[in-house]
Amino acid sequence: MTDETTADKTTGYVWTFPCTLPIKVMGPARDSLKPLTKKIITKHVPEFTGNNIRSSPSKTGKYISLTADVVFQNKQQVDDLFAELSHHQQNGDDISFVI
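Here is a short report on the structure shown in this document. (Residues numbered from 1 in each chain as written. Predicted model: local features only at pLDDT ≥ 70, side-chain atom pairs only at ≥ 80, totals over all residues. Heavy atoms only, no water.)

Below, the discussion takes up the pairing of strand E4 (residues 54-57). Pairing of E4 with strand E5 (residues 63-72), which is carried by 4 bridges, proceeds in the antiparallel orientation. Looking at E5, one finds that Ser55 is bridged to Leu66. The hairpin formed by E4 and E5 contains 5 residues between the paired strands, and Gly61 there has a positive phi angle of roughly 80 degrees. (Pairing = 2+ DSSP bridges. Helix = DSSP H or I, 4+ residues; strand = E, 2+ residues; numbered from the N terminus.)

In structure tokens form, the structure reads like this:
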């Protein structure tokens, strides 16, 4: 596999692929958040196993943050994943924030 570079037309940032990015998802502390997050990531990055999803509860235990290190092969994967995660956030699903 060869490295690919892509310049972001909006920011000018140059991406080099493959690259690993931490994806952070936050939401109410429900059992459904982790499987939903894994399902969405795997849809866009089929190689993702979900074995490296780390979780951290809020001080009150009401919310949880999940962090997954995802290896992207191209910019389209990054864009599509964030678009779908943001869609779930806007629809009031289990996802409250995406970083």
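So much for the structure itself; the text now carries on.
This part covers the pattern of salt bridges. Per the stated rule, a full pass over the model turns up 4 salt bridges. One salt bridge in this structure joins Glu84 and Lys43, with 3.1 Å as the shortest N-O distance. Pair noted here: Glu84 is in helix H2 (residues 75-90) and Lys43 is in helix H1 (residues 33-44), with a separation of 41 residues, a long-range link. When its relative accessible area of 17% is taken as the criterion, Glu84 is described as buried. For Lys43, a relative accessible area of 57% corresponds to the exposed category. Residues Asp69 and Arg54 are paired through a salt bridge, measuring 3.0 Å at the closest nitrogen-oxygen approach. One end of the pair, Asp69, is in strand E5; the other, Arg54, is in strand E4, with 15 residues separating them in the sequence. Judged by its relative accessible area of 41%, Arg54 falls in the partly exposed class. (Salt bridge = Lys/Arg side-chain N within 4 Å of Asp/Glu carboxyl O. Buried < 20%, exposed > 50% of the residue type's maximum accessible area, 1.4 Å probe, protein only.)

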